[in-house]
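Read off the chains here:
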Amino acid sequence: MDEKLTPETLAQSLGSGLAGAFVLTVLHESVRRVVPEAPRADLLGMRAIAKGLRAAGQQPPPDDKLHTLALGGDIVANTLYYSLVGLGGRENAWLLGSTLGAAAGVGAVALPGPMGLGTEPSARTPATAAMTIGWYLVGGLAAAAVYSLFGRTNR
C-alpha cells in the first residue's frame, strides 16, 4: 500500500463506509416492506439493544424508539466497518470491499443464533440467508466504488 493515512484518506474511508452503510440500510428497509422472505436486520439490532439494556438493568424503550436506535446503530457500526475498505489503498479497494461485504453477510447469517438473537431475521429461509449475504456484499461494493471514485477526483 503506497497511500499514507492522512486526514484526507481517513475522511475518504469514512465517507466510503457511510456510502456502503447507507446502501445496505436502504436495501434492508425498503425490500423488507415488500418481500416476505427479506432479512430483518432491524429486528436483530432491536433485539441486541434490548438485550444489552436488560443486562444493564434498564428497561428497553418502546419498539418505535428501539427501531430508530437500531437503525442509527447499524449506520454507525456499518460505516466504521465498511470504512476499512481504505486500508488496502485504491488498488485493492474492490477486493477488500467485496471481502468485507461477504464476511459481514456470512456473519449476519451465522452469528445471531449463537449470540441469542435468533436466526429468523437473517436466515429463516435459504432466500433470506442469500439476500442477507448479498446485501452486505452490495454494501461492501458500494464502499469500494465510492473509495475508488475519490481517487479519480483527486488526480
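Residues numbered from 1 in each chain as written. Predicted model: local features only at pLDDT ≥ 70, side-chain atom pairs only at ≥ 80, totals over all residues. Heavy atoms only, no water.

Peer 1: I keep staring at the overall build of the chain and nothing clicks. Help me out?
Peer 2: Helix and strand counts for the chain come out as six helices and zero strands. For the chain, the sequential pattern of α-helices and β-strands runs α-α-α-α-α-α. By principal-axis analysis of the C-alpha atoms, the chain measures approximately 50 × 35 × 25 Å. For the chain, buried positions account for 40% of its 155 residues. With the model as given, the accessible surface of the chain reaches about 8,200 Å², and the carbon-plus-sulfur share is 68%. Separation between the mean location of the 12 positive side-chain charges and that of the 11 negative ones in the chain comes to 2 Å. (Helix = DSSP H or I, 4+ residues; strand = E, 2+ residues; numbered from the N terminus. Buried < 20%, exposed > 50% of the residue type's maximum accessible area, 1.4 Å probe, protein only. Areas by Shrake-Rupley, 256 points an atom, 1.4 Å probe, with all protein chains shown as cover. Lys, Arg positive; Asp, Glu negative; His and termini not counted. Charge placed at Lys NZ, Arg CZ, Asp CG, Glu CD.)

Peer 1: Could you clarify how one ought to interpret the nonpolar core in this entry?
Peer 2: Nonpolar side chains tend toward joint burial in soluble globular proteins. Formed by 16 residues in total, the largest nonpolar core has its most connected members in Leu24, Tyr82, Val85, Ala93, Trp135 and Tyr136. For this core, the secondary structure elements donating two or more residues are helix H1 (7-31), helix H4 (93-110) and helix H6 (126-153). With six residues, the top contributor of residues to this core is H6. Those residues in contact with leucine 24, other than ones at most four positions away along the chain, are Asn78, Tyr82, Trp135 and Tyr136. (Core = buried A, V, L, I, M, F, W, Y, C linked by side-chain atoms within 4.5 Å. Contact = heavy atoms within 4.5 Å.)

Peer 1: When you look at the environment of glycine 139 in this model, what are you seeing that I'm missing?
Peer 2: Its location among the elements puts glycine 139 in helix H6. With a relative accessible area of 0%, glycine 139 lands in the buried category. Taking the C-alpha atoms as reference, glycine 139 lies 9.6 Å from alanine 104; in sequence the two are 35 residues apart. Contacts of glycine 139, omitting those with residues within four sequence positions, involve Gly20 and Tyr82.

Peer 1: It is not clear to me how the packing of aromatic side chains should be interpreted in this structure. Could you clarify?
Peer 2: Think of a pair of aromatic rings as described by two things: how far the centres are apart, and how the planes are tilted against each other in angle. With the rule as written, the count across this model stands at one aromatic pair. A cation sits over an aromatic face here: arginine 90 above tyrosine 147, 4.0 Å from the ring centre. (Phe/Tyr/Trp six-rings, centres within 6.5 Å; stacked < 30°, edge-to-face > 60°. Lys NZ or Arg CZ within 6 Å of the ring centre and 35° of its normal.)

Peer 1: I tried to follow the pattern of salt bridges on my own but got confused; where do I start?
Peer 2: Pairing is possible between side chains that carry opposite charge, provided their charged atoms lie close to one another. All told, the structure shown has four salt bridges when counted by the stated rule. Across the salt bridge formed by arginine 33 and glutamate 29, the nearest N and O atoms sit 3.2 Å from each other. Judged by its relative accessible area of 58%, arginine 33 falls in the exposed class. Across the pair arginine 40 and aspartate 42 runs a salt bridge whose closest N-O atoms are separated by 2.7 Å. Connected through shared salt-bridge partners, Glu29, Arg32, Arg33, Arg40 and Asp42 make up one network. (Salt bridge = Lys/Arg side-chain N within 4 Å of Asp/Glu carboxyl O.)

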